[in-house]
Every structure is written in C-alpha cells, then in structure tokens.
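One letter stands for each residue in the lines below.
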There are 2 protein chains.
Amino acid sequence: MNDNKNTSLRPILPEPTLRRLPWYLAYVKMLDNQQVEYVSSTQISKELNVDASQIAKDLSFLNIKGKTRIGYEVKTLVKELVDFLGFKKKHNAVVIGAGSLGGALMQDVGLAQYGLNIVAGFDVSSDLIGSNICGVPIYDIGELAQRQKEYNVSIAILTVPVEHSQEAADMAIKAGIKAIWNFTPFRIKAPANIVIANTSIYAHLAIIYNRMLNHL
Amino acid sequence: MNDNKNTSLRPILPEPTLRRLPWYLAYVKMLDNQQVEYVSSTQISKELNVDASQIAKDLSFLNIKGKTRIGYEVKTLVKELVDFLGFKKKHNAVVIGAGSLGGALMQDVGLAQYGLNIVAGFDVSSDLIGSNICGVPIYDIGELAQRQKEYNVSIAILTVPVEHSQEAADMAIKAGIKAIWNFTPFRIKAPANIVIANTSIYAHLAIIYNRMLNHL
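What counts and how
- Residues take numbers from 1 onward in each chain, read along the sequence in its written order.
- The order in which chains are written sets their letters, starting at A; the order in which ligands are written sets their numbers, starting at 1.
- Where local features are concerned, this predicted model is filtered to residues with pLDDT of at least 70; where side-chain atom pairs are given and counted, the filter is 80 or more; whole-chain, interface and lining totals use all residues.
- With hydrogens and water stripped out, all remaining heavy atoms of the structure feed into the side-chain values.
- Only protein atoms enter the calculation, which uses a 1 Å grid: trapped sets of points that fit a 1.4 Å probe without letting it out are cavities, open sets showing protein on both sides within 12 Å along at least five of seven lines are pockets, and any residue with an atom within 4 Å of a point is a lining residue.
- Grid points are joined across faces, edges and corners, and a volume is the space filled by probe spheres set on the points.
- Secondary structure follows DSSP: runs of H or I at least 4 residues long count as helices, runs of E at least 2 residues long count as strands, and numbering of each begins at the N terminus.
- DSSP-based pairing: two strands are paired if at least 2 bridges between them are found.
- Whether two residues touch is decided by their heavy atoms; if any such pair falls within 4.5 Å, the residues are in contact.
- Here, axes are lines fitted to C-alpha atoms. For helices the fit covers the stretch in contact, and angles between N-to-C directions go from 0 to 180 degrees.

1. Comments concerning empty space enclosed by the protein
Scanning the entire structure with this criterion turns up four cavities of 30 Å³ or more. A volume near 80 Å³ is recorded for the largest cavity. Lining of the largest cavity is provided by Leu101, Ala104, Leu105, Phe183 and Ile201 of chain A together with Leu101, Ala104, Leu105, Asp108, Phe183 and Ile201 of chain B. Contributions of two or more residues to the lining of the largest cavity are made by helix H5 (100-107) of chain A together with helix H5 (100-107) of chain B. In this structure, the second largest cavity spans a volume of roughly 60 Å³. Taken together, Pro22, Leu25, Ala26, Lys29, Phe87 and Tyr114 of chain A together with Pro185, Tyr202 and Ala203 of chain B make up the lining of the second largest cavity. Mapped by element, the contributors of at least two residues to the lining of the second largest cavity are helix H1 (15-33) of chain A together with helix H9 (201-214) of chain B. For the lining of the second largest cavity, the element with the highest residue contribution is H1 of chain A, accounting for four residues.

Quick look at the structure:
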C-alpha cells in the first residue's frame, strides 16, 4: 500500500483543483442543457469567479484539449469531468449509524447519481436492526466485517453520535474499508492509507449564524 | 446593512477559527459525557492535532478563561461554545427544492439540535405542493416571499437541481432571506450583504474517489 509505486496511477491532484472541478462540471452541464456547444476558460472564469489561467491548469489534468478561440466542446467536457471525478463508476458504501442523518442519506437518490451505491446500513439499536430504509437493509454493527466482504464495500459513511465516532471508524478500518466519509464533527484518527473526508454539515451552520451576526 | 457600523457586534472571526470551534465542541462534549471536569489546550491539541497556541487563540474569542495548570472547566466550555456558535438560538429556515436531498434534510432532526428550525419547504412539483415531510408543509415556490414574512425566515437551504440554483437563490434574496445554505455545486452570485455557505456534499465524493485511486 501507499509505497509510491503509483507510476501507473494518475498524479496526486491538489485538493483545491479537486474542489473546483465539480463547479466546472455543474456549470458546463447547465450549458449542455441549454444546447451550448463550446465554452472557453474565459467564459467559465467570468461565471465562476475563478482565474482563467487557473481553470486551464485545472482542466489540463483531464484528457481534453480546448481549441484556440473556440474553447472546449461542452459535451466532451461534461463527459471527461464525470469520468475523471469518478461519478460514473459504482462505489459500494455502507452507512454506519442509521439514525436521522444516516437514514436521510440512505434516502437521497442523488448520491447514486454521483457513483455512490449504498448497500447496507449498520446500527446498534434493536429497533433498526433487521429493518430497511428505502430497501437498504440495516444490520447489527457487529456484522460489519462479514458484510464488508459480502458486498465488497470500500467506503463507510459515518453518521454515528460524536462520542462513538472513533470507535466506529476503527471498526470500519478493521473490517477492511478504504475510505471514511465522516459526517460527525469529530476528528477521526486513521492510518495514512485510509482516506478520510470530513463533511461536518452542522459545523457549516456555525459559519452561517456567525456571518449573519456580522451582516445585521 | 453592512456599513461597518458594527461596533456593538462582535469582531469578525476568521473562517478557520469558525471551522475549528465545532471540533473543540465535539471533543469537550465527549469529555463531559465521560464526567471529565477540566481540559487543557495541550490536551485538546494532542487529541485533535491542532497547535495548542492556536487553540488558546481560537478560544480567546469566547467568554471563558482557562486556569493555569488546570485548564478550562469542561461544562463551562461546552456551554460557552454552544452559545457562541449560535446552536442554542432558533434560526428559522426554509428548504427550496423538496426533492431527494431537500426532503432528507427535512427529516434530519440533528439540524434542530444545532439551532436550525425548518419551517417550510418549497417546490415546483404539483406532487409535492400541499403535502408535508415530517410535518413540514411544502408550498409552491411562488409563495416564497409571502411565507418568508409569515414565518420570519432568515435562512434558505438550497437543494434545487443545479440549473435552477441561481434563479432560486435570486428568488430567496428578493423574498428577504439573509443567508443561503447552498447544497448545489453551483457558485451562487449574491450581494455582499447576503451570507452564502457552500456544502457540496457530492463534490466531496470526487475527493474520496480520487484519493482512493492514489491509495491503491
């Protein structure tokens, strides 16, 4: 693992690039819906308020070339971005903590459109174990390792109460999961070969509330 | 609005501080559950991998003083953080786009625990208008301005399809909303006095997928 023998893998993308690429995708998808055929980095730049040279640099990671004076073909750009971002491949995932937020994510069909295939949920509550949410079965957390193998799961979505975050993450890692999408505000500790992505949606509320106080 | 006459308001917090404070809260809440009475910035530092002097600086914005050699009183720190982050106040919000993700957020009771009170949803679909999700009524998007006044709404949660993001944001702003919590990957344009917070959860998937490729 992780031993720098990744010559066959693509270069490590800077995180800011990875954050901007989905913005470009959202914009060019919209252009495609409007039957626009070509788009230049200058045009994307004006719309998204990102430097045009930065956009050209970000897009240089993709297998696409813009034409002088015309720009990028919109349909091709959409396709290349979708492929590049991994939204077309199916990634098996489980939800750990099938409570309110976990259950809500299991009901969001949008995730499937972005390549996330939620195959199972796990919980400790006997009310939830054995039931299903939108057809996704809920198992006892003790079955995590066994089900990981059965479903070939690579991603664990962590939506447990904050005091159980590290414990649940440890179980997921031990079960052979490669990435943890952490929706708790807790900073998970994990070995370097485990991918951790933090989406503390409640923490974003603090930013909104605070900024509103300053904008009164 | 926004005319720098905010001498009575608190200082504008750096965004990185605002992002870290909820981590501290998550951690000290856990300590409180474990009946721990005092915590030092050194201890928080070790646990969360943030520089101890940075933690002391972040916490200096709060109305709390640590004691030499003992640190902060856990219960007081929890209370001060909850207050400071605005999680105790009730902030009225509406969901614009009551589809899959919007509906899921309306079902997440966690948001209410962090001070977000979702009072209504809006959509264009006649299947949804007139119905309710977990008791929250869904109205026609055309009623947004009227309902904003009725419910005194300050925050709009944007979960519409990406091609309608800007249009929906414009309607919300015109209706008198002060902050937009944007769950679409589209970069919303808005006047400077409107608070915009972006939570593109699907974009986080791109980061996970890409990092997993590099960790094979």
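2. Overview of the sheet that holds strand S7 (residues 155-158) of chain A
Pairing is mixed in the open sheet, where seven strands are placed in the order S5-S6-S4-S3-S7-S8-S9 (chain A). Looking at the sheet topology across the chains shown, the edges are occupied by strand S5 (132-133) and strand S9 (195-198) of chain A. Sheet contacts for H9 of chain B: strand S3 (91-96), strand S4 (116-123), S7, strand S8 (179-182) and S9 of chain A; angle to S8 of chain A, the most-contacted strand, approximately 160°.

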